[in-house]
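Okay, here's what each chain looks like letter by letter:
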Amino acid sequence: MSKTFHITTFGCQMNEHDSEVMAGMLLEKGFEPVKERRDADVAIINTCSVRENADKRFFGTLGQLKRRKKENPDFVVCVCGCMMQQQHVIDTIKAKYPWVDIIFGTHNIHQFPELVDNALNEKKKQIEVWSDGGDIVEGLPAKRLYDCKALVNIMFGCNNFCTYCIVPYTRGRERSRQPEEIIKEVKSLAEDGVKEIMLLGQNVNSYRGDEQTDFARLLYRLNEIEGLERIRFMTSHPKDLSDRLIQAFVDCNKLCKNIHLPVQSGSSRVLKKMNRRYTKEQYLELVAKLKAAVPGITMSTDIIVGFPGETEEDFEETLDLVRKVRFDSAFTFLYSIRKGTPAEKYEDQVPEEVKHERFNRLVDLINTISAEKNGEYAGRVERVLVEGASKTNSKTFSGRTDGFKLVNFEGTKDMVGNLVDVEIIEGKTFSLDGRIVK
Ligand code: 5AD
Ligand code: SF4
């Protein structure tokens, strides 16, 4: 009988894709996926160090697994991902959860099948965490979450060292994949029926594949791939967003008119302390340039509330920026300390209640603007890539517009994976309701 596995994924799309690769490697070895963790022979927890409470949730999940491990010592528990790149996490696991079988990091996922084999066959406990990059390993399989869309890494790591952020420490320095490797992968995805790709990197704008190929050039090359319909990317750092990239939005018909451009704060003073290397004015200028060159472009962002030293005036600058840009949506974060980052040592931490009060005001403003912007879609016809049926109602299907708006509509199974025209009836805060255009 074949062995079974289950993966729990925390965090961003990078982690999601790492989990797809791990699943792909296990499937190649003849393992079968199961829906419930309790039915698995091998349980994998892919961790995140960025999202709020990620560590609490992780250790909570580990706690749940203890009983299962006691009942069945053959049950293999693997933990991996960003948290494992932090020594204090490994120390905690060794001290409090010594029954964990495999600990491995973000730089050596390719070794995962070997580690699992050792654990299953030789009952060997293993810790394998590389502290930094190494060469990029190409050709790893991946089990995609969707048939019609795929995540594609183009670069790994980050050199920016924003003072609040743990990523440069957990994902290492920037490394770009060779353009030929990326193009080969995307061509084979397109041949496999994939219509949309999402290019992934902590800072895709600093992608450099070779002498000639910067990020904009890569987009032009990917735009030529037959069968592919849509190209998206995330995340962009505002300081590196070039005019050439803006021009790519104009020239590349497959490049979706949507950009995620994290601003983090609207106060130039706070941005400086965050080491973001742009001012509020520069960000607004960039947005104006994008909007002028690419009419109708939709925009989303990340904002941190309550960075150390943030005053009411600083926060109002953020509200002002949000009102000026009118983001289609935004991810909002309460600042929280990450061990080992420069901001951990800043003394002027903002009290929790002040952070929460500002956070609520910001979310109210963002939601009001989202609802207004989505309301403008009523009556328009949008092309939607259909992703699947709703979990609660088998007649309701959903998909995304070019601008990344989520649309719900009544449809049929055969639409899944296809681009269909949907007339928008109503815009809500987080989604649009529509009906299929016959
Ligand atoms: N506290 C709060 N939010 C953070 N982010 C990164 N580090 C922190 C932190 N220490 C947010 C940033 C980033 C997003 C992925 O997570 O907004 O863009
Ligand atoms: Fe973190 Fe800044 Fe790098 Fe983004 S650009 S991953 S926020 S250090």
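All figures in this text were calculated on a predicted structure; none of them were measured in a lab.

Student: Provide a residue-level description of the site of ligand 2, including the pertinent values.
Tutor: Surrounding ligand 2, one finds Cys 158, Asn 160, Phe 161, Cys 162, Tyr 164, Cys 165, Val 167, Pro 168, Gln 202, His 237 and Arg 276. Counted by class, the shell around ligand 2 contains 7 nonpolar, 3 polar and 1 charged residues.

Student: Tell me about the sheet that holds strand β4 (residues 76–81), residues and numbers included.
Tutor: Two strands in a sheet stick together by hydrogen bonds in their backbones, pointing the same way (parallel) or opposite ways (antiparallel). The strand order across the open sheet built from 6 strands is β2-β1-β3-β4-β5-β6, with neighbouring strands paired in parallel fashion. Two strands in the sheet have a free side with no partner beyond their single neighbour: β2 (32–33) and β6 (126–128). Where strand β3 (residues 42–47) and β4 come together, 6 bridges link them in parallel fashion. Considered in β4, the bridge of Ala 43 is made with Val 77. Against the sheet, helix α4 (residues 112–122) contacts β3, β4, β5 (102–104) and β6, and its axis sits at roughly 165° relative to β5.

Student: Tell me about the packing of helix α6 (residues 179–191) against helix α7 (residues 215–223), and name the residues and values.
Tutor: Following both chains from N to C, one finds α6 and α7 inclined at 30°, their axes separated by 10 Å at the closest point. Relative to α7, the element α6 lies roughly parallel. Here α6 and α7 pass one another in a crossing that is right-handed. Together, Pro 179, Glu 180, Ile 182, Ile 183 and Val 186 of α6 and Leu 218, Arg 221 and Leu 222 of α7 make up the contact between the two elements. Among the residues forming the contact of α6 with α7, the class breakdown is 6 nonpolar, no polar and 2 charged.

Student: Give a description of the pattern of salt bridges that names residues and reports values.
Tutor: Enumeration over the complete set of coordinates arrives at 32 salt bridges. Linking Arg 38 and Glu 36 is a salt bridge whose minimum nitrogen-to-oxygen distance equals 3.8 Å. The class for Glu 36 is partly exposed, based on a relative accessible area of 37%. With a shortest N-O distance of 2.8 Å, Arg 361 and Glu 312 are connected by a salt bridge. One end of the pair, Arg 361, is in helix α12 (residues 352–375); the other, Glu 312, is in helix α11 (residues 312–325), and 49 residues separate them in sequence. Taken together, the salt bridges that share partners define one network made up of Glu 310, Glu 312, Glu 316, Glu 357, Arg 358 and Arg 361.

Student: How would you explain the UniProt feature "domain: TRAM" (unreviewed entry) in the protein chain if you had to name every residue and give the values?
Tutor: Within this structure's numbering, the places UniProt gives as "domain: TRAM" (unreviewed entry) are residues 375–438. As annotated, residues 375–438 comprises 2% helix and 53% strand, and the C-alpha atoms at either end are separated by 23 Å.

Student: Can you lay out helix α1 (residues 13–28) for me, pointing to particular residues and giving the numbers?
Tutor: For α1, with 16 residues, the first-to-last C-alpha span of 22 Å sits near the 22 Å given by 1.5 Å per residue. Across the 16 residues of α1, 12 count as buried, placing the element largely inside the fold. Buried residues of α1: Met 14, Asn 15, His 17, Asp 18, Ser 19, Glu 20, Val 21, Met 22, Ala 23, Gly 24, Met 25 and Leu 26, and no others. A positive phi of about 95° marks Gly 30, the residue just after α1.

Student: Could you give an account of the side chain of Glu 310, with specific residues and numbers?
Tutor: Locating Glu 310 in the fold gives a position in the loop between β13 (298–305) and α11. With a relative accessible area of 5%, Glu 310 lands in the buried category. With near-sequence residues (within four places) excluded, Glu 310 lies in contact with Val 270, Ile 304, Val 305, Phe 315, Val 350 and Arg 358.

Student: Tell me about the sheet that holds strand β10 (residues 196–200), and please be specific about residues and values.
Tutor: Spatial strand order, β7-β10-β11: 3 strands in an open sheet with parallel pairing. Pairing within the sheet leaves two strands with one partner each, and these edge strands are β7 (149–153) and β11 (230–234). Each neighbouring strand pair of the sheet contributes to a mean axis angle of 25°, computed without reference to strand direction. Of the pairings in the sheet, the one linking β7 to β10 comprises 5 bridges and is parallel in character. Residue pairing across strands places Ala 150 opposite Ile 197, the latter belonging to β10. Against the sheet, α6 touches β7 and β10, its axis set at about 170° to β7.

Student: Any chance you could break down the domain arrangement of the protein chain for me, citing the residues and the numbers?
Tutor: The domain architecture assigned to the protein chain consists of domain 1 (4–128), domain 2 (144–256), domain 3 (278–375) and domain 4 (381–436). In this structure, domain 1 and domain 2 have C-alpha centres spaced 27 Å apart. Interface area, domain 1 with domain 2, both sides summed: about 1,400 Å², of which 59% is carbon and sulfur. Considering only the side of domain 1, the residues that lose the most area to domain 2 are Gln 13, Met 14 and His 17, jointly responsible for 44% of the buried surface there. At the junction of domain 1 with domain 2, the criterion picks out 1 salt bridge. The partner of Asp 18 in a salt bridge is Arg 171, with the nearest N and O atoms 3.1 Å apart. Across the domain 1-domain 2 interface, the total number found is 5 residue pairs in polar contact (both at pLDDT 80 or more). Counted by class, the side of domain 1 that touches domain 2 contains 3 nonpolar, 8 polar and 3 charged residues.

Cut-offs applied
Residues numbered from 1 in each chain as written. Chains lettered and ligands numbered in written order. Predicted model: local features only at pLDDT ≥ 70, side-chain atom pairs only at ≥ 80, totals over all residues. Heavy atoms only, no water. Near = heavy atom within 4 Å. Nonpolar A, V, L, I, M, F, W, Y, C, P; charged D, E, K, R; others polar. Pairing = 2+ DSSP bridges. Helix = DSSP H or I, 4+ residues; strand = E, 2+ residues; numbered from the N terminus. Contact = heavy atoms within 4.5 Å. Axes fitted to C-alpha atoms, helices over the stretch in contact; angles between N-to-C directions. Parallel < 35°, antiparallel > 145°, perpendicular 65-115°, else oblique. Left-handed = near helix turned anticlockwise from the far one by under 90°. Salt bridge = Lys/Arg side-chain N within 4 Å of Asp/Glu carboxyl O. Buried < 20%, exposed > 50% of the residue type's maximum accessible area, 1.4 Å probe, protein only. UniProt positions renumbered as here; feature names shortened; annotations may be inferred. Expected span 1.5 Å × (residues − 1). Domains from an automatic or database assignment. Buried area = accessible area lost by both parts, 1.4 Å probe. Polar contact = N/O pair within 3.5 Å; in protein donor to acceptor, adjacent residues only side chain to side chain.

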